[in-house]
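Residue-level structural notes
Letter by letter, the chains look like this.
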Amino acid sequence: MAFLRSIVFSAVLLCLVHSAFCFYLPGVAPQDFVKGEVLEVKVNKLTSIKTQLPYSYYSLPYTAPKKIQDSAENLGEVLRGDRIENSLYVFKMREPQMCNIVGKVKLDAKNAKEFKEKINDEYRVNMILDNLPLVVPIKRNDQDSTVYQLGFHVGLKGQYSGSKEEKYFIHNHLAFTVKYHKDVQTESARIVGFEVNPFSVKHELDGKWDEQKTRLTTCDPHTKHTVMNNNSPQEVEENKEIIFTYDVDFQESDVKWASRWDAYLLMNDDQIHWFSIVNSLMIVLFLSGMVAMIMLRTLYRDIAKYNELETQEEAQEETGWKLVHGDVFRPPINSDLLCVYVGTGVQFFGMILVTMIFAILGFLSPSNRGGLMTAMLLVWVFMGIFAGYSSTRLYKMFKGSEWKKIALRTATLFPAIVSVIFFILNALIWGQKSSGAVPFGTMFALIFLWFGISVPLVFVGSYIGFRKPAIENPVKTNKIPRQIPEQAWYMNPAFSVLIGGILPFGAVFIELFFILTSIWLNQFYYIFGFLFLVFIILVVTCAEITIVLCYFQLCSEDYLWWWRSYLTSGSSALYLFLYATFYFFTKLEITKLVSAIFYFGYMLIASYAFFVVTGTIGFYACFWFTRLIYSSVKID
């Protein structure tokens, strides 16, 4: 009783404290700047939707500070390939600057080739100011609205008028716009926007080059001469000198700090997104309702009929699912492997559920870079205890006794397969000298999370699960297996399994399009509420389609339902991979072999994880269904 009172008191105290203080995640708390305060722009990775291989900013010969300092990054940022570093772009709050010279670079053959390759592959430069990513505003021609693209292109390809020769031009002048929201009382301000308009300008020196006193004729703050689009562009060629410059303007905005990410998150026409999801939601709910109604009515009639059988002659004439009651709970072939996959599926299901709850509560917003991936990894590790528990409970039901062997396989099978694919992909990315390659330190951290935390937790869960009494079957199993009669063509295992995966995939494929777009086209994904609804629909659909096909299978006197129930809903992963292949050829412009291997490698991992999750949902639904119906009838 005292313990309960202390909990209630703590809860009341927490509510009172919450009214006085605000809680912010690290790195996303508001920061106030007074006039003249120094604002440091940080540079991030170079990205391209054509290659999918990120590179650090200073992998190109941009002008760099004397000492390049890496910002502290979380696990998710490192795995995403982020490399956040300091730069020579330094502003002063609410003090506009014109034609600031950053530095000069003379290109040799190697540097010119590197710039040309990045321009060819349409690489974009990403920068960050006060945790806000740099965007390029683009006015829509058809509407009076603005869309924002993350980062600016390294350069562009073009031709001089009257010439057919294609040239490469670099964006060496950046016109920044910093938007701020002013506090009327304190005169301080918060940054609510960070935009840029890039130019390619062939700068001309007014006299000789001097790092401290150099003046340019192409732009000069003294004469108020600004860079215009009609300036001669800066070519990328060997022995060419490139002068990097920037302007910065400050604009007061009515947008408050809490709403400053709205412009980033409303990049696309969200009406199509919402309509598509709601349309899919209604169709799947309607189909699920019909399936559930048919199943309930049919089962009710079957159970009532079987329970009314009184004479031995009537009992001998019984057919359908009751006829296989002596074999339906017979352990399947490779039951150990089934236990391992079920445990892994429970681990994944828990990870998805907990991560989505955190995302819906706002802990994993796009402003918390890398937070989503970090949370997924950590939750996966700690869900190992449930993986071990569920796999061992099922293993003990199958009369198994070597629980440590099952625990070890549960802890290592799925991660080992994923690790092999991951190491191969990482080696290929490392060969391309991309920042997307995971460093050895991060690799060690991942191995520690696996063997240091996940594996012990799986063993703890397995020990707890094995100590529990074995699950008792509602009917006894015959010693001699019953012969399965010849099945109709539509009850063929391969056919029914493939058919069963269509409906679960149909529940998610529209949302899948937006998820793939956010991952591979460098856009933000933020509608976690709708994603959670789609996940619930997926769970219901997997359960229902597996139950329906399992019922038909048992009615045709085929009692080998264990693996088929797992594969029925799990086959939706095959359609996911096929859709990813379709997406690759229709939406992406990847031409490099390494990039294609990178894409299909990660989509293979995603499809494998989807198979484990959906298969486990289908298995448990069928497991519950068979126990329910066989415990509801009178079996002599």
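It should be noted that the structure appears before, not after, this text.
What this report covers is the structure whose coordinates are included nearby. Quantities reported herein were computed from a predicted structural model and do not represent experimental measurements. (Residues numbered from 1 in each chain as written. Predicted model: local features only at pLDDT ≥ 70, side-chain atom pairs only at ≥ 80, totals over all residues. Heavy atoms only, no water.)

**Some words on the state of the cysteines**
- Tallying each qualifying case throughout the model produces 1 disulfide.
- One disulfide in the model links cysteine 99 with cysteine 219; its S-S distance is 1.8 Å. Linking cysteine 99 and cysteine 219, the disulfide has an S-S dihedral of approximately 50° and is accordingly described as right-handed. Here the residue cysteine 99 occupies a position in strand β3 (residues 97-106), and cysteine 219 occupies one in the loop between β12 (189-199) and β13 (241-252), the gap between them amounting to 120 residues. The pair cysteine 99 / cysteine 219 is uniform in exposure class, with both members buried. (Disulfide = S-S within 2.5 Å. Helix = DSSP H or I, 4+ residues; strand = E, 2+ residues; numbered from the N terminus. Buried < 20%, exposed > 50% of the residue type's maximum accessible area, 1.4 Å probe, protein only.)

**Section: the pairing of β13**
- Two strands pair when backbone bridges link them, and β3 and β13 are joined in this way by 7 bridges, in the antiparallel orientation. Bridge pairing in β13 places glutamine 97 opposite valine 248.
- Bridge count between strand β11 (residues 173-182) and β13: 8 bridges; the pairing is parallel. By the bridge assignment for β13, tyrosine 180 is matched with glutamate 252. (Pairing = 2+ DSSP bridges.)

**Things to note about the packing of aromatic side chains**
- Considering all chains together, one arrives at 54 aromatic pairs under this definition.
- Taking 6.3 Å as the distance between ring centres and 75° as the angle between the ring planes, the aromatic pair formed by tyrosine 341 and phenylalanine 611 counts as edge-to-face. With a gap of 270 residues between them, tyrosine 341 in helix α7 (residues 335-360) and phenylalanine 611 in helix α17 (residues 593-630) connect regions that are remote in the sequence. As far as the burial class goes, tyrosine 341 and phenylalanine 611 line up, both buried.
- Ring centres of tryptophan 430 and phenylalanine 440 lie 5.6 Å apart, and the angle between their planes is 55°; on these two criteria the pair is classed as tilted. With a gap of 10 residues between them, tryptophan 430 in helix α10 (residues 403-431) and phenylalanine 440 in helix α11 (residues 440-467) connect regions that are remote in the sequence.
- Members of the aromatic cluster, joined through ring pairs, are Tyr341, Phe348, Trp380, Phe414, Trp563, Tyr566, Tyr608 and Phe611.
- For the cation-ring pair, lysine 118 lies above tyrosine 55, with the distance from its terminal atom to the ring centre recorded as 4.3 Å.
- Against the face of tyrosine 123 rests lysine 118, its NZ or CZ located 5.5 Å from the ring centre. (Phe/Tyr/Trp six-rings, centres within 6.5 Å; stacked < 30°, edge-to-face > 60°. Lys NZ or Arg CZ within 6 Å of the ring centre and 35° of its normal.)

**Details of the pairing of strand β10 (residues 167-170)**
- The alternating pattern of β10 places Lys167 and Phe169 on one face and Tyr168 and Ile170 on the opposite face, and all of these are buried.
- Examined bridge by bridge, strand β9 (residues 155-158) and β10 share 4 bridges and lie antiparallel to one another. Counted as the bridge partner of leucine 156 is phenylalanine 169 from β10.

**Looking at the packing of α7 against helix α9 (residues 384-397)**
- At a minimum axis distance of 7 Å, the contact between α7 and α9 shows a crossing angle of 150°. Here α7 is positioned roughly antiparallel relative to α9, judged by the angle of their axes. Seen from above, α7 lies across α9 with right-handed handedness. Between α7, through Asp336, Cys339, Val342, Gly343, Val346 and Gln347, and α9, the contact on the second element is made entirely by Gly384, Phe386, Ala387, Ser390, Ser391, Leu394 and Tyr395. (Axes fitted to C-alpha atoms, helices over the stretch in contact; angles between N-to-C directions. Parallel < 35°, antiparallel > 145°, perpendicular 65-115°, else oblique. Left-handed = near helix turned anticlockwise from the far one by under 90°. Contact = heavy atoms within 4.5 Å.)

**Side note on the nonpolar core**
- Counting residues in each nonpolar core, the largest one holds 142 residues, and the members touching the most others are Tyr89, Phe91, Met127, Phe176, Phe194 and Trp561.
- The element best represented in this core is α17, accounting for 20 residues.
- In terms of nonpolar packing, the next biggest core, distinct from the first, is built from 8 residues, Cys99, Val201, Leu216 and Ile243 among them. (Core = buried A, V, L, I, M, F, W, Y, C linked by side-chain atoms within 4.5 Å.)

**Details of the environment of isoleucine 471**
- Within the secondary structure, isoleucine 471 is located in the loop between α11 and α12 (493-500).
- Take isoleucine 471: its relative accessible area is 22%, and that puts it in the partly exposed class.
- For the pair isoleucine 471 and arginine 393, spaced 78 residues apart in sequence, the C-alpha to C-alpha distance is 7.5 Å.
- Among all residues touching isoleucine 471, those that are not within four sequence positions of it are Arg393, Met397 and Arg627.

**Some details on the packing of helix α14 (residues 528-555) against helix α15 (residues 562-570)**
- Interaxial distance between α14 and α15 falls to 9 Å at its minimum, and their mutual angle equals 135°. Put simply, α14 runs oblique to α15. Considering only the axes of α14 and α15, their crossing is right-handed. Contacts from Cys542, Thr546, Leu549 and Gln553 of α14 reach α15 at Arg564, Ser565, Thr568 and Ser569.
- Residues that form the contact of α14 with α15 fall into these classes: 2 nonpolar, 5 polar and 1 charged. (Nonpolar A, V, L, I, M, F, W, Y, C, P; charged D, E, K, R; others polar.)

**Considering a nonpolar patch on the surface**
- A cluster of nonpolar residues, Val420, Ile424, Leu428, Leu593 and Ile597, forms a patch on the protein surface that exposes about 450 Å² of accessible area.
- The dominant element in the nonpolar patch, judged by the number of residues it contributes, is α10, at 3 residues.
- Note on placement: isoleucine 597 falls in helix α17. (Patch = residues over 30% accessible without salt bridge, like charges linked within 9 Å, V, L, I, M, F, W, Y side chains within 5 Å. Areas by Shrake-Rupley, 256 points an atom, 1.4 Å probe, with all protein chains shown as cover. Salt bridge = Lys/Arg side-chain N within 4 Å of Asp/Glu carboxyl O.)

**Examining the side chain of serine 200**
- Mapped onto the secondary structure, serine 200 falls in the loop between β12 and β13.
- With relative accessibility at 13%, the residue serine 200 sits in the buried group.
- Looking at serine 200, its side chain comes within polar contact range of the main-chain oxygen of isoleucine 170, at 2.7 Å.
- Here the side chain of serine 200 touches glutamine 234 through a polar contact of 2.9 Å, landing on its backbone nitrogen.
- Sequence-distant contacts of serine 200, that is, excluding residues within four places in its chain, are made with Phe169, Ile170, His171, Asn172, Asn231, Ser232, Pro233 and Gln234. (Polar contact = N/O pair within 3.5 Å; in protein donor to acceptor, adjacent residues only side chain to side chain.)

**A few points about α12**
- Among all positions of α12, only Ser496, Val497 and Gly500 are buried. All buried residues of α12 project into a common sector of 100° when viewed along the axis, lining one side.
- Looking at the packing, one finds that the buried side of α12 touches α13 (502-520), α14 and α15.
- For α12, the side-chain oxygen to backbone nitrogen distance between the N-cap and alanine 494 is 3.0 Å, and the N-cap itself is asparagine 492. (Arc of directions from axis to C-beta.)

**Structural notes on unusual backbone geometry**
- With phi around 60°, glutamate 122 is a residue other than glycine that occupies positive phi space.
- Here glutamate 122 lies in the loop between α3 (109-120) and β4 (124-129).
- Given a relative accessible area of 36%, glutamate 122 falls into the partly exposed group.

**With respect to the side chain of arginine 124**
- Mapped onto the elements, arginine 124 comes out in strand β4.
- Of the side chains bearing the opposite charge, glutamate 122 lies closest to the buried arginine 124, which forms no salt bridge; the N-O distance is 6.8 Å.
- Here glutamine 149 takes part through its side chain, which lies 3.0 Å from a polar atom of the side chain of arginine 124.
- A polar atom in the side chain of arginine 124 sits 2.8 Å from the backbone oxygen of leucine 150.
- In contact with arginine 124, not counting residues within four places along its chain, are Lys45, Leu46, Thr47, Val136, Gln149, Leu150, Gly151, Phe152, His153 and Val154. (Lys, Arg positive; Asp, Glu negative; His and termini not counted.)

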